[in-house]
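Close look at the chain arrangement
Each chain is listed here by its residues.
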Amino acid sequence: MKNSRPQGSVAYKNAGRVILVSGGAGGIGRAICEAFAASGANVVCLDINADSAADLPDGIAFVAGDTSLEDDCRNAIEFAVQTFGALDVLVNNAAIQPPSSYAPLHEFPTELWERMVGVNFTGYSLLAKHALIQMLKQDSGVIVNIASGQAHRTTRGVPAYGPIKAANLLQTRQWGVEYAREGIRVVSVSPGAIRTPLVEATLHEQGGEAQLANRHPLGRIGRPDEVAAAVLWLASDDASFVTATDLEVDGGLGAFGAFADPYPCPPL
Ligand SMILES: NC(=O)c1ccc[n+]([C@@H]2O[C@H](COP(=O)([O-])OP(=O)(O)OC[C@H]3O[C@@H](n4cnc5c(N)ncnc54)[C@H](O)[C@@H]3O)[C@@H](O)[C@H]2O)c1
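How each quantity is defined
- Residues numbered from 1 in each chain as written.
- Predicted model: local features only at pLDDT ≥ 70, side-chain atom pairs only at ≥ 80, totals over all residues.
- Heavy atoms only, no water.
- Salt bridge = Lys/Arg side-chain N within 4 Å of Asp/Glu carboxyl O.
- Helix = DSSP H or I, 4+ residues; strand = E, 2+ residues; numbered from the N terminus.
- Buried < 20%, exposed > 50% of the residue type's maximum accessible area, 1.4 Å probe, protein only.
- Axes fitted to C-alpha atoms, helices over the stretch in contact; angles between N-to-C directions.
- Left-handed = near helix turned anticlockwise from the far one by under 90°.
- Contact = heavy atoms within 4.5 Å.
- Nonpolar A, V, L, I, M, F, W, Y, C, P; charged D, E, K, R; others polar.
- Phe/Tyr/Trp six-rings, centres within 6.5 Å; stacked < 30°, edge-to-face > 60°.
- Pairing = 2+ DSSP bridges.
- Right-handed = clockwise from strand over helix to strand, strands pointing away.

What about the pattern of salt bridges?
By the definition in use, this model includes 13 salt bridges. Residue Asp237 pairs with Arg17 through a salt bridge whose shortest N-O separation is 2.8 Å. Here the residue Asp237 occupies a position in the loop between α7 (224–235) and β7 (245–249), and Arg17 occupies one in the segment before β1 (18–22), the gap between them amounting to 220 residues. On the basis of relative accessible area, Asp237 is assigned to the exposed category, the value being 52%.

Overview of the packing of helix α2 (residues 70–84) against helix α3 (residues 110–138)
Here α2 crosses α3 at 35°, and the two axes come no closer than 9 Å. Remark: the crossing between α2 and α3 carries right-handed chirality. Where α2 approaches α3, its residues Glu70, Cys73, Arg74, Ile77 and Val81 are matched on the opposing element by Gly123, Leu126, Leu127, Lys129, His130, Ala131 and Gln134. Looking at the contact of α2 with α3 residue by residue, the classes come out as six nonpolar, three polar and three charged.

Examining the packing of aromatic side chains
Centre distance and the angle of the planes are the two values used to describe a pair of aromatic rings. Applying the stated rule across the entire model yields one aromatic pair. A ring pair is formed by Phe108 and Trp113, whose centres lie 5.9 Å apart and whose planes are at 90°; its orientation type is edge-to-face.

Some words on the pairing of strand β5 (residues 141–146)
With respect to burial, β5 is a largely interior element, six of its six residues being buried. Because side chains alternate across β5, one face comprises the buried residues Gly141, Ile143 and Asn145, and the other comprises Val142, Val144 and Ile146, equally buried. Bridge analysis of strand β4 (residues 89–92) against β5 gives four bridges, and the strand direction is parallel. Following the sheet pairing, Leu90 is matched in β5 by Ile143. Crossover handedness for the path β4 to α3 to β5: right-handed.

Below, the structure written as structure tokens:
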């Protein structure tokens, strides 16, 4: 049944809207699903991992799928539209950065490179393509791409993740320009280090938690709900004049302009 909590306060600016979040069963994606659901939105979580979706809170619909596969993307969008009648917001969040990806290019396994391109880049385009087909019928919609601080600046040991995340910024700008006159906004969010399974799995590669926290001017790593809060604002009509651009949610890290301490590899 459609969630129809009344609008009115800032927290409920997305109430009644239909939101699809990729990679919504874990980490930042789960926090985004939960925040939208708490604000009265109708939320569909798309994730490759049905097990970790088992304890999603009530009211969040789940569809299994791999965002690198076009049929799965088409199916997820159709599921959202059939279940809730529209698609107002797509959050492209599913991405991978396994510990084995911390390797210089000449040692990088080609299979892993192709998988990271498939999920972190092509997957964003495939899901957006099918979301846009629906949003164009509605003359409205918002796409939020989750990029990264590593989209803006780089360091050693991330020859796939960094350049592919940078491509997320250009996907945002290109789609934003292309669809601006169709009532569709496209924005991205670039998190700093956020406490999620992805970061916890690579803490060693990133020099340990204390060092990671200390690199951020705020002196700590971020929480998934702090990224979710930015996504909810960008998706809402409060951000109606914001498109084709990026917001860094990074505890001030980006203000350094470059990673001040490149050894060992910084996060994000
Ligand atoms: N955690 C951070 O510090 C950080 C920093 C910068 C950017 N990011 C970005 O934020 C996003 C979320 O990261 P996270 O830390 O929450 O990751 P995570 O690994 O904790 O969670 C990712 C989720 O995506 C799902 N997923 C993976 N591959 C998928 C696929 N092919 N199809 C569908 N679902 C898939 C996983 O099952 C998981 O639920 C990513 O785009 C990541 O690049 C994270």
